[in-house]
Amino acid sequence: MNNPTNFFKSIRFRIALVFVLLMIIALELLGAFFVRQIEHQNLATFQQQITLPKYITDQITTALKNKDSNEGNHEIQDILSNLSNTNLQEVQVIDRTGTIRGTLSVSGQQTIGQKTTDLNAQKAISGEQSFLKTRTIKENGDSKELLITILGNNNSRVKDISGVLIVKASLAPVYKNIESVMQLFIVAGLIALIASIGLALFLARTLTKPIEQIDEQTTKIANGDYSKVNHIYGSDELGHLARSVNELSTRVEESTETVNAERNRLDSVLTHMADGVLAANRRGEVTIINQAAADFVGINREDAIGQNVIELLHLKGQRTLRDMLENLDDFRVDLSDDSKDLLVQAYVSLIKRQSGFISGLVVVLHDITEQQRIDSERRMFVSNVSHELRTPLTSVRSYVDALAEGDIDDKEMAQNFLGVVQDETQRMIRMINDLLELSRMDQGTMAVKLEVVNLNSLFDFVLNRFDMIIENDAKNRETPTKTYNIQREFSSEDIWVEVDPDKFTQVLDNIMNNAVKYSPDGGTITARLIKTKTRAILSISDQGLGIPRKDLNNIFNRFFRVDKSRSRAQGGTGLGLAISKEVVEKFNGRIWVDSVENQGSTFYISLAYVDDAEIEEEDWGAE
């Protein structure tokens, strides 16, 4: 408690203050009682001291009865002069007629023989004053004790009174003595008060130190620090409290560690979940959201906290919070935007207390975009396969029916019909083979034999075969169906790649066949091969009709054709580019197309090449 203000608000100050106030009240009460008793005792002692002995009063009474007043006066004066009591200030002897017969003071000698003017004496003579009645009077600002003694044989009868004896004594010595005692008591009281303050602070410190330690420990517990342990000073209530707080600290630490471990485990699970998870309170305000859910809705996790779950999931106008709380059926949410297609399945569950009160809800978002795409492609695939097979089968059935109905007798027509049936059958066989090839690729059972080959030589070998096809076509037919020219633009440097030669040859054949099919008569097909810093880039360009930009992303899909009628007429299956893409990606390569409508298309293949140093090392190791 370094701040003085805090000290005066502390329990230590309050305990000390109560203790000191009680001490002050006790000292005040004790002092008042003690001073009062001292005063009574001193006054009683003083009264005894100023009370004249009975033998003196008897002598004075005898002198008053002397018929010779002068002689009686002398006797009285002699008696008074012999008094050795220093406390007496004034002693007067007054007879029953009120005449002063004697006095102790020198200045009062001229009053002897005069009538007294003292009302007290007059009342005593008249019988109004009690015997030996004393009182305190004030004369000239000084407190005096007045003692009136009635002289006579029968005090109860006025006619038997011989006179009164009036004694006056100053109370100054008495009160001076009382003042001295009072000063001593005040000094002793101050010393006791100072000692009590010190003792109170010490006792308060003794009582509050364990409380302060407990307060410090509870503050640290509230701040998450459980390292402090209270010292147990005894087996009293504070000791039991300190022991209980220590046990509480241990249990809170254990509970906090358990909760933190569970929270960390839950956070880890939520963070690494592929599904999105968000929790909202009863008002629909988001309280918990994992990264996957934040990515789904396109917002930061911090910004999502506190937002309404309906607005966050773009369900405004479709669902209300009450609908989600009352209807727990799962539903789909379209979170697509310009940058991505995203469709999620939302599963809702309620957060209930033991009493059944619904305090919130949890929404799990499962991304079904890919599943929807796969289902759509599967349906499209089945539809395409059915369509592609139905067309040649229909054609085969029509020609077979025609032959069965009698056209088989016409040899020329039968020969033509059988040729068509053979072509359609071959087309179906090629399609089935391509489908089996794709199936093996999808299942990962396609056999691949990787070899380091010279890409220049392999590419040139494929192109030479197409050159030979052109020459053979020109020799065997009087009017070739189509003429075209293949132009090579190869790097002078040999490029080595690791591929399966047969599979990669199939890829090049597919692309070259497409280039030949869609190139105009007399067109040029340009084959390029270059080497960059890290990749070998192979490209085949034609001068055909090109591919519309809207179809570029679908060109490698199965059964996709830009011009379906023309492709079927040329015997294509619609699977060649899909197979080519799968094969190239099997070699950790990439294939893509760039095309301008009515200006031709260019297919690119990118592969990682093998350094010459690695090839030489392999050759040396082989030797």
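For the structure itself, look to the data block above.
Definitions and limits used
Residues numbered from 1 in each chain as written. Predicted model: local features only at pLDDT ≥ 70, side-chain atom pairs only at ≥ 80, totals over all residues. Heavy atoms only, no water. Helix = DSSP H or I, 4+ residues; strand = E, 2+ residues; numbered from the N terminus. Buried < 20%, exposed > 50% of the residue type's maximum accessible area, 1.4 Å probe, protein only. Contact = heavy atoms within 4.5 Å. Areas by Shrake-Rupley, 256 points an atom, 1.4 Å probe, with all protein chains shown as cover. Axes fitted to C-alpha atoms, helices over the stretch in contact; angles between N-to-C directions. Left-handed = near helix turned anticlockwise from the far one by under 90°. Nonpolar A, V, L, I, M, F, W, Y, C, P; charged D, E, K, R; others polar. Core = buried A, V, L, I, M, F, W, Y, C linked by side-chain atoms within 4.5 Å. Phe/Tyr/Trp six-rings, centres within 6.5 Å; stacked < 30°, edge-to-face > 60°. Patch = residues over 30% accessible without salt bridge, like charges linked within 9 Å, V, L, I, M, F, W, Y side chains within 5 Å. Salt bridge = Lys/Arg side-chain N within 4 Å of Asp/Glu carboxyl O. Lys, Arg positive; Asp, Glu negative; His and termini not counted. Charge placed at Lys NZ, Arg CZ, Asp CG, Glu CD. Pairing = 2+ DSSP bridges.

The next thing to look at is the overall build of the chain. Across its full length, the chain carries 18 helices and 17 strands. Looking at the chain residue by residue over its 623 residues, the buried ones come to 37%. Summarising the internal contacts of the chain: among those between residues at least 6 apart in sequence, 60% fall at separations of at least 24. Summed over its atoms, the accessible surface of the chain is roughly 37200 Å², and 52% of this surface lies on carbon and sulfur atoms.

It is at 9 Å that the axes of helix α15 (residues 501-518) and helix α17 (residues 576-586) come closest, and there the two elements cross at 145 degrees. Our pair here, α15 against α17, has a crossing hand that is left-handed. Where α15 approaches α17, its residues Lys503, Gln506, Val507, Asn510 and Asn514 are matched on the opposing element by Gly576, Leu577, Ile579, Ser580, Val583 and Val584. Each residue belonging to the contact of α15 with α17 can be placed in one class, and the counts come to five nonpolar, five polar and one charged.

Ranked by internal contacts, the top residues of the largest apolar core, which has 44 residues, are Leu455, Phe459, Val497, Phe504, Leu538, Ile540 and Ile605. Beyond its immediate stretch of four places on either side in the chain, Phe459 contacts Phe490, Leu508, Ala527, Arg528, Leu529, Leu538, Ser539 and Ile540. Grouped together as the second largest cluster of nonpolar side chains are 27 residues, Ala294, Val297, Leu321 and Ala346 included.

Attention now moves to the packing of aromatic side chains. This structure, assessed with the given rule, holds four aromatic pairs. For the ring pair Phe556 and Phe603, a centre distance of 6.2 Å and an interplane angle of 90 degrees mean the geometry is edge-to-face. In this pair, Phe556 is assigned in the loop between β15 (535-541) and α16 (564-569) and Phe603 in strand β17 (residues 600-610), connecting sequence segments 47 residues apart. Owing to a relative accessible area of 12%, Phe556 belongs among the buried residues under this scheme. Since its relative accessible area comes to 7%, Phe603 is described here as buried. Where Trp592 meets Tyr604, the ring centres are 5.2 Å apart and the plane angle is 15 degrees; that geometry is what we call stacked. In this pair, Trp592 is assigned in strand β16 (residues 590-596) and Tyr604 in strand β17, connecting sequence segments 12 residues apart. The exposure class of Trp592 is partly exposed, given its relative accessible area of 24%.

Looking now at unusual backbone geometry. The phi torsion at Asn588 lies on the positive side, around 60 degrees, for a residue other than glycine. Note on placement: Asn588 falls in the loop between α17 and β16. Residue classification places Asn588 among the exposed positions, given a relative accessible area of 62%.

Examined against the element boundaries, Ile38 turns out to sit in helix α2 (residues 11-50). Owing to a relative accessible area of 16%, Ile38 belongs among the buried residues under this scheme. Measuring from C-alpha to C-alpha, the distance between Ile38 and Met182 comes to 9.4 Å, with 144 residues separating the pair along the chain. Among residues more than four places away in sequence, those in contact with Ile38 are Ile178 and Val181.

A cluster of like negative charges, contributed by Asp68, Glu71, Glu75 and Asp78, occupies part of the molecular surface. Looking at the secondary structure, you find Glu71 in helix α4 (residues 69-81).

With that out of the way, let us pick up the pairing of strand β14 (residues 523-531). By the bridge criterion, seven bridges tie strand β12 (residues 484-490) to β14 in an arrangement that is parallel. From the neighbouring strand, Gln487 faces β14, where its bridge partner is Thr526. Here β14 pairs with β15 via six bridges, running antiparallel. Looking at the pairing, Leu529 lines up with Leu538 of β15. In this structure, the hairpin formed by β14 and β15 is closed by a connection of three residues.

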